[in-house]
Amino acid sequence: MIEIFDQYGLLAGVVVSKGIPYEMPRHNDQVSDYNAWYFDGQLCVFYRGKNIWLDRTQNLQHRAAIFGALGLGALGV
């Protein structure tokens with residue numbers, strides 16, 4: 001399971017084993033100040049803007065795709 005949080009709470013997630021994504025509704029004025037990605041309950045990525053403060057994905061097979069989805073593609077190499 002992958003879940004993404006910000007200062008307002010849960011943004012979105014996916015049950016990877018079943019390919020089931022979900023997204024929480026937001027108001028237009030709720031702009032994320034940061035994002036925290038949890039993989040199976042463990043904090044793996046924390047970023048603010050284009051600055052990554054925590055990255056525990058070095059050993060993940062699909063690291064480049066994850067960072068590409070974040071718009072941080074060059075960091076996923």
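This text follows the structure it describes.
Residues numbered from 1 in each chain as written. Predicted model: local features only at pLDDT ≥ 70, side-chain atom pairs only at ≥ 80, totals over all residues. Heavy atoms only, no water.

Visitor: I'd love a proper account of the overall build of the chain, names of residues and values included.
Guide: The number of helices and strands found in the chain is one helix and six strands. Each helix and strand of the chain, ordered N terminal to C terminal, gives the series β-β-β-β-β-β-α. Within the chain, contacts between residues separated by at least 24 positions form 25% of all contacts whose residues are at least 6 apart in sequence. When the accessible area of the chain is evaluated, it comes to approximately 5300 Å², of which 55% is carbon and sulfur surface. (Helix = DSSP H or I, 4+ residues; strand = E, 2+ residues; numbered from the N terminus. Contact = heavy atoms within 4.5 Å. Areas by Shrake-Rupley, 256 points an atom, 1.4 Å probe, with all protein chains shown as cover.)

Visitor: Any chance you could break down the environment of F5 for me, citing the residues and the numbers?
Guide: As for its placement among the helices and strands, F5 is situated in strand β1 (residues 2–6). Measuring from C-alpha to C-alpha, the distance between F5 and W37 comes to 6.5 Å, with 32 residues separating the pair along the chain. Sequence-distant contacts of F5, that is, excluding residues within four places in its chain, are made with L10, L11, Y34, N35, A36 and Y38.

Visitor: Quick rundown of the side chain of N35? Include the residues and the values.
Guide: Along the chain, N35 turns up in strand β4 (residues 35–39). Under the relative-accessibility criterion, N35 is labelled buried at 13%. Beyond its immediate sequence surroundings of up to four residues, N35 is in contact with I4, F5, D6, L11, V45, F46 and Y47. (Buried < 20%, exposed > 50% of the residue type's maximum accessible area, 1.4 Å probe, protein only.)

Visitor: Run through the packing of aromatic side chains, naming residues and quoting values.
Guide: To describe a pair of aromatic rings, one takes the distance between the centres and the angle between the planes. Following the criterion strictly, the structure yields four aromatic pairs and no others. Considering the side-chain rings of F5 and Y38, the 5.6 Å spacing of their centres and the 85° angle between planes classify their relative orientation as edge-to-face. Pair noted here: F5 is in strand β1 and Y38 is in strand β4, with a separation of 33 residues, a long-range link. Looking at F5, the relative accessible area reads 26%, which means it is partly exposed. A ring pair is formed by Y34 and F46, whose centres lie 5.1 Å apart and whose planes are at 25°; its orientation type is stacked. Here Y34 is found in the loop between β3 (20–23) and β4, whereas its partner F46 is found in strand β5 (residues 42–48), with twelve residues between them in sequence. On the basis of relative accessible area, F46 is assigned to the partly exposed category, the value being 22%. (Phe/Tyr/Trp six-rings, centres within 6.5 Å; stacked < 30°, edge-to-face > 60°.)

Visitor: Account for the environment of Y34, with residues named and values stated.
Guide: Given a relative accessible area of 24%, Y34 falls into the partly exposed group. Sequence separation between Y34 and R48 is 14 residues; the distance between their C-alpha atoms is 4.3 Å. Setting aside anything within four residues of it in sequence, one finds Y34 in contact with F5, D6, Q7, F46, Y47 and R48. In terms of polar contacts, Y34 uses its side chain to reach the backbone amide nitrogen of Q7, at 3.4 Å. (Polar contact = N/O pair within 3.5 Å; in protein donor to acceptor, adjacent residues only side chain to side chain.)

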